[in-house]
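# Observations on the three-dimensional arrangement
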Amino acid sequence: MSAVEKTVKLFDDTAYLMDFEAVVVSCEARKTKEEETVYDVILDRTAFFPEQGGQSCDKGVLADLEVLYVGIEDDVVTHTLKAPLEVGTEVEGHVDVGHRFMNMQQHSAEHLFSGLAHTLFGCTNVGFHLSEREVTVDFDKALTEEDLRLLESGVNDVITSNIKSEILYPTKEEEKTLDYRSKKEIAGQTRLVRYPGVDLCACCAPHVKRTGEIGLFKVVSFQNYKGGIRVWILAGKRAFDYMNARTEEMVSIARMMSTSTTEVAGKITAMQEDIRSLKAAAQKAEARVLALTFAALPEDEAVTVLFMAEADSKAVRNAVTDRVAEKGGVTAVFIGSDETGYHYVLGASEGRTGALNKALKDQCGARGGGKEIAEGNVSATAEQLRAVVAAEA
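Definitions and cut-offs
- Residues numbered from 1 in each chain as written.
- Predicted model: local features only at pLDDT ≥ 70, side-chain atom pairs only at ≥ 80, totals over all residues.
- Heavy atoms only, no water.
- Patch = residues over 30% accessible without salt bridge, like charges linked within 9 Å, V, L, I, M, F, W, Y side chains within 5 Å.
- Areas by Shrake-Rupley, 256 points an atom, 1.4 Å probe, with all protein chains shown as cover.
- Salt bridge = Lys/Arg side-chain N within 4 Å of Asp/Glu carboxyl O.
- Lys, Arg positive; Asp, Glu negative; His and termini not counted.
- Charge placed at Lys NZ, Arg CZ, Asp CG, Glu CD.
- Helix = DSSP H or I, 4+ residues; strand = E, 2+ residues; numbered from the N terminus.
- Buried < 20%, exposed > 50% of the residue type's maximum accessible area, 1.4 Å probe, protein only.
- 1 Å grid on protein atoms, 1.4 Å probe; cavity = no way out; pocket = protein on both sides within 12 Å on 5 of 7 lines; lining within 4 Å.
- Points joined across faces, edges and corners; volume = space filled by probe spheres on them.
- Nonpolar A, V, L, I, M, F, W, Y, C, P; charged D, E, K, R; others polar.
- Pairing = 2+ DSSP bridges.

### Observations concerning a negative patch on the surface
Taken together, the side chains of Asp19, Glu21, Asp64, Glu90 and Glu92 define an acidic patch exposed on the protein surface. Counting only elements with at least two residues in the negative patch, the list comes to β2 (19–31) and β9 (90–95). As for its position among the elements, Glu21 is in strand β2. Residue Glu21 is classed as partly exposed on the basis of its relative accessible area of 38%.

### Things to note about the layout of surface pockets
Any empty space left between atoms is shown by rolling a water-sized probe over those atoms. A volume near 1,200 Å³ is recorded for the largest pocket. Every residue lining the largest pocket is counted, 44 residues in all, and those nearest its centre are Ile186, Arg191, Ala202, Cys203 and Cys204. Where the lining of the largest pocket is concerned, the elements lending two or more residues are β1 (8–9), β7 (69–73), α1 (97–121), β10 (125–130) and β14 (199–202). Ranked by residues supplied to the lining of the largest pocket, first place goes to α1 with six residues. Split by residue class, the lining of the largest pocket holds 15 nonpolar, 15 polar and 14 charged.

### A few points about the pairing of strand β11 (residues 135–139)
Burial of β11 is extensive: five of the five residues sit out of reach of the surface. Because side chains alternate across β11, one face comprises the buried residues Val135, Val137 and Phe139, and the other comprises Thr136 and Asp138, equally buried. Alignment of β10 against β11, held across five bridges, turns out to be antiparallel. Across the sheet, residue Gly127 finds its bridge partner in β11, namely Asp138. Counted along the chain from β10 to the antiparallel partner β11, the turn is four residues long. Bridge count for β11 against strand β16 (residues 228–235) is four bridges, and the pairing is antiparallel. Across the sheet, Val137 pairs through a bridge with Val231, a residue of β16.

Structure representation (structure tokens):
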């Protein structure tokens with residue numbers, strides 16, 4: 001049972017308060033999963049934002065001790081430390097300013113993004129996750145890449161407009177007149193964050209005073225998710241660092257290609273066309289070599305087993321198909337080596353392909369299949385493979 005019914009949450013109305021004093025009202029030791037002893041400290045008031053609403057907790061120090069974690073249950077905030085604090089003493093707390101402000105940038109940008117998505121496309125935000133590594137937003141409706149670019153541009157326009165945010169505590173009667181976003185029913189006092197003309201949403205987290213403080217917003221990636229869409233976003237310094245890294249990568253690629261960053265896409269397209277042409281030419285040449293190799297074999301040879309260090313499997317498949325159709329019998333080609341294993345292509349007339357492939361599976365552990373032509377991989381020696389094919393042929 002906590003020594004207080006409710007922690008005074010200083011971050012509710014003062015998101016920029018990073019240094020504070022408070023009284024220790026409870027300190028309890030417990031063991032972690034790793035069997036380490038930690039101490040859960042409850043204060044009469046705190047500026048540390050706990051993990052809740054999809055957002056990770058604040059970082060910082062309390063009485064010169066690192067705050068390992070901040071949680072909340074039934075309106076009581078708990079600070080986890082490596083050492084105990086004496087109940088009744090007054091302590092100083094210092095929230096990590098950089099970490100707090102970065103989270104404020106991410107969360108405020110998410111409100112703008114979700115608010116515009118709701119207004120423009122009728123999307124409902126059904127999931128939000130803000131951690132040290134990523135920020136994701138889940139919507140209940142699918143959006144196209146063009147839709148997301150429109151939203152990205154819209155959020156950056158709102159950032160440039162430098163709109164002032166507002167924190168509201170409406171009565172239950174006032175709530176009935178307000179059209180606000182919320183993922184769940186709220187029994188007690190509702191805390192609303194409003195960006196006038198853009199979004200009104202129930203939220204427990206600290207937010208920037210003005211949208212200009214967000215600085216920059218970027219949609220990083222997206223994927224279809226549970227009938228809707230999951231979007232990865234970044235804001236502020238995180239967005240700047242991400243875009244700076246991508247720019248450096250592009251400059252590096254441009255230098256390697258001896259071109260400008262604006263010409264990279266065209267250069268890559270041309271290289272892809274060259275690669276496709278070279279592959280096609282190589283496949284044709286390999287097909288001719290295989291045809292000549294098979295043509296040099298004895299006409300009456302009923303069983304043909306070839307071992308090759310390298311070969312295009314498509315060209316080999318075509319050559320085996322043609323030889324079985326023309327000459328009958330059995331043709332098996334193994335590509336690779338005893339050390340690395342083989343990729344095999346085999347065919348046999350009179351419907352015997354399946355039996356031969358089964359023999360390779362049973363005796364050599366091959367993995368593969370096929371009806372007229374079988375293809376797969378096997379780890380065995382050339383001597384073992386020759387013996388199996390000869391016995392089954």
